[in-house]
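Examination of the molecular architecture
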Amino acid sequence: MAIITISRGTMSGGEKLAHLLSEKLGYKCISREIIIKAADDYGVEEHKLFEAINKRPTILHKLTFEKERYLAFIRASLCEYAKDDNLIYHGHAGHFLLKGIDHVLKIRIIAELPDRIKAAIERNNLSETEAKKYIERVDKERAKWTKFLYGEDWTSPKLYDLVINSSHLSIENSIDALVGLVESPRFQTTPESKKAMYNLLISSRVKAALARLPLVNLGYLDIRSDDGKVSISGRSKSQEITDSIQDTAKSVAGVKEIKMSVEIDYRSYLFIKNIFMEFYIIRKKYHACYFYITRYDVRGSGISKTIL
Amino acid sequence: MSGVQELVKQFYERTGIRCISREDLLDVVSKHGDLALKAVTQLSEATSAYNHFSKLRRPYIILMRQALLEELQKDNILYNGFSGQLLVPRIKHFIRVRINAPLQLRIPPTIERLGVDEENARKYIREMDEQRVQWARYTYGRDIRDPLIYDLHFNLGHISMKVLCGIMKNLMSEPELQATEESKNEVWKLLQSTNIEAALICDIRTRNFEIHANFEKDKINLVGPYLEEKDLIVVKEIVRDTVQVEEIEYTPGYTSTIDIEGWQQFTLPGTII
């Protein structure tokens, strides 16, 4: 009785591992299903949700907290699956989306670049150069995505319970060892971990419901749940918005009680601060570009290529 | 302070497999005389900029590698300490494991062992970690935190020693990870090449020549600096004294001691990480 999240680098064999484990343990195996469910449940376009867990946010997304909204939908959808236990989720955000749940076994599968290039050539019918570029691009996007949302390097082994290098240790060889790990007492569901999962489910549902409200910025709100008692703290722009937050949260399935401590922030200080921060970053980047342009001018190379 | 010693102890109790550490290798290395002793003792501490230019790095790697390979030849062995996985290439029946433990698990044994307060224990662990990273980067040119240089990476924050031992035991019994004649032969050939390099390093006449050996069937390929006829005779004589071989081929070529990757790739094409 456990939940397994498998994070993988592009073309590292994570999907294969997930399916083999699912066969061996009889667990349900999901990946893209959470996106489809989230799109159905919350009426959002699938591609936007897909981008939310695959691409780094743009400046506009950072200012409007659009990413957080989509992630709230995805987390709520994943929690709906995870509440029933015995689940394998393979996708790179699993360990972040189910953070704080003790019976979640976080696995990462990696492979060396030549093996990944080979897999990309076979699967996507690409040339060697294209495959390499594709892998590097996806890795870069994901790294920036994780850095932005969680301030962590997604390749750091510290984020996972186990990292497997499939270049040397074949997935078939790892299966028996992994089954032993899943069946160990450490990853069994306990009343405490089940409660933590339920609390995460309720807070995710509330977050997803609030994400549908147009004037609510999830980035300013902290939502916690304790056995159906939900506490919402943070800032909102007006009393009407605060009231709508309370009404919406009350209507969420599983919510028994609401405790609100939301302050009204008319000046939207944080919003303005964020804009200034973004301008500061743009200015820094501009300086960096200027440096390269000047350098390349001297050497007589193409400028546009350098900026890109 | 990641619990490796505890793991080694438990692993031995459960499997009876011989466990060796860096100290065991040092005993073997020290038999090679003063230079060997100097190399292994000085290099263990070498993280300063001055030490980075030390000429002892190459002797250290070769002698430690030789000692490790001699042990590995006997099979069914667990080695721990000082990034030993970087001394030998990837061979079919080798499993490289790294154990990570969160700081909160490492602090209590540090406090107990050093008799310091929590703040100082934390500081000590961070400093030691940083030093090890620097040391391995200088010695092997690799970052030991890179998960790609291991086959398995465990986080003791969630996985107990008992479970970890169980996983390792299971893995070691996998048919695909058993030593075969072919993989044993690979280890033997590597040991022969390293024996030659060690013999050349330990001989005062050839100590300063950076010669790399590659043992093939009844043939030794040597690559190193351009040598005069008299030096070449000495080199060949030492090689013949070390291993029984019919043919020795010497090719002048440049090999950098700094470029550890390039050197390893030469001796073991396609097998090193």
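Every chain's residues receive numbers from 1 upward, in the order its sequence appears when written. Labels follow written order: the first chain is A, the first ligand is 1, and so on. Per-residue local features of the predicted model are confined to residues with pLDDT of at least 70, and side-chain atom pairs are confined, for both listing and counting, to 80 or more; whole-chain, interface and lining totals are unaffected and use all residues.

Moving on to the overall build of chain A. Going along the chain from the N terminus, every DSSP run of H or I of four or more residues is numbered as a helix, and every run of E of two or more is numbered as a strand. Summing up its helical and strand segments, chain A has 13 helices and eight strands in all. Burial statistics for chain A: of 308 residues in total, 37% are counted as buried. Our contact criterion uses C-beta atoms placed from the backbone: two residues qualify when those atoms are within 7 Å. Long-range pairs, those at least 24 residues apart, make up 71% of the contacts in chain A between residues at least 6 apart in sequence. Labels follow a simple rule on C-beta atoms placed from the backbone: if 20 or more others lie within 10 Å of a residue's own, it is buried; if 12 or fewer, it is exposed; otherwise it is partly exposed.

The next point concerns the pairing of strand 5 (residues 162-165) of chain A. Residues A:Leu162 and A:Ile164 of strand 5 of chain A are buried on one face, and the alternating residues A:Val163 and A:Asn165, pointing to the opposite face, are buried as well. Pairing analysis gives four bridges linking strand 4 (residues 104-110) of chain A to strand 5 of chain A, with the strands arranged parallel. Paired with A:Ile109 across the bridge in strand 5 of chain A is A:Ile164. Pairing between strands is defined by DSSP: at least two bridges between the two strands are required. Two strands pair when backbone bridges link them, and strand 5 of chain A and strand 4 (residues 152-155) of chain B are joined in this way by three bridges, in the antiparallel orientation. Each bridged residue has a counterpart across the sheet, and for A:Ile164 the counterpart in strand 4 of chain B is B:Leu152.

It is worth spelling out the sheet that holds strand 4 of chain A at this point. With respect to topology, seven strands assemble into an open sheet ordered 2(A)-3(A)-1(A)-4(A)-5(A)-4(B)-3(B), the strand pairing being mixed. Lying at the two open borders of the sheet, with one neighbouring strand each, are strand 2 (28-30) of chain A together with strand 3 (97-100) of chain B. With direction set aside, neighbouring strand axes in the sheet form an average angle of 15°. Angles here are taken between N-to-C directions and fall from 0 to 180 degrees, while the axes themselves are lines fitted to C-alpha atoms, restricted in helices to the stretch in contact.

Residue and element names in this part refer to chain B. Here chain B averages 80 in pLDDT, while 83% of its residues score no lower than 70. Of all the helices and strands in chain B, helix 10 (residues 260-267) carries the lowest mean pLDDT, 40, while helix 9 (residues 229-242) carries the highest, 91. Confidence of the predictor at the level of single residues is given by pLDDT, which spans 0 to 100. Segment residues 257-273 is flagged for pLDDT under 50; beyond a separation of four residues in sequence, or across chains, it makes 26 contacts in the model. Under the prediction, the complex receives an ipTM of 0.79, its pTM being 0.79.

What follows is about the interface of chain A and chain B. In this assembly, 21 residues from chain A lie in contact with 21 residues from chain B. Contributing elements (two or more residues each) for the side of chain A that touches chain B: strand 5 and helix 9 (171-182) of chain A. When the residues that make up the side of chain A that touches chain B are grouped by side-chain class, the tally is nine nonpolar, seven polar and five charged. Under the convention adopted here, Pro, Cys and the residues Ala, Val, Leu, Ile, Met, Phe, Trp and Tyr are nonpolar, Asp, Glu, Lys and Arg are charged, and Gly plus all remaining residues are polar.

This paragraph deals with the sheet that holds strand 5 (residues 212-216) of chain B. Pairing between sheet strands relies on hydrogen bonds along the backbone, with the strands arranged either parallel or antiparallel. Residue and element names in this part refer to chain B. The three strands lie next to each other as 5-6-7, forming an open sheet whose pairing is mixed. A single partner strand is all that each edge strand has here, and the edge strands are strand 5 and strand 7 (247-252). This sheet shows a mean twist of 20° between the axes of neighbouring strands, independent of strand direction. Relative to strand 6 (residues 219-224), strand 5 is paired through five bridges, and the arrangement is antiparallel. Following the sheet pairing, Asn-214 is matched in strand 6 by Asn-221. In this fold helix 8 (residues 181-202) packs onto strand 5 and strand 6, with an angle of close to 145° to the strand it touches most, strand 5.

What follows deals with unusual backbone geometry. The phi angle at A:Asn125 is positive, at roughly 55°, despite the residue not being glycine. Note on placement: A:Asn125 falls in the loop between helix 7 (113-124) and helix 8 (128-150). Phi at B:Asp75 takes a positive value of approximately 65°, unusual for a residue other than glycine. A residue is classified by how many C-beta atoms lie within 10 Å of it, and B:Asp75, with 14 of them, is partly exposed.

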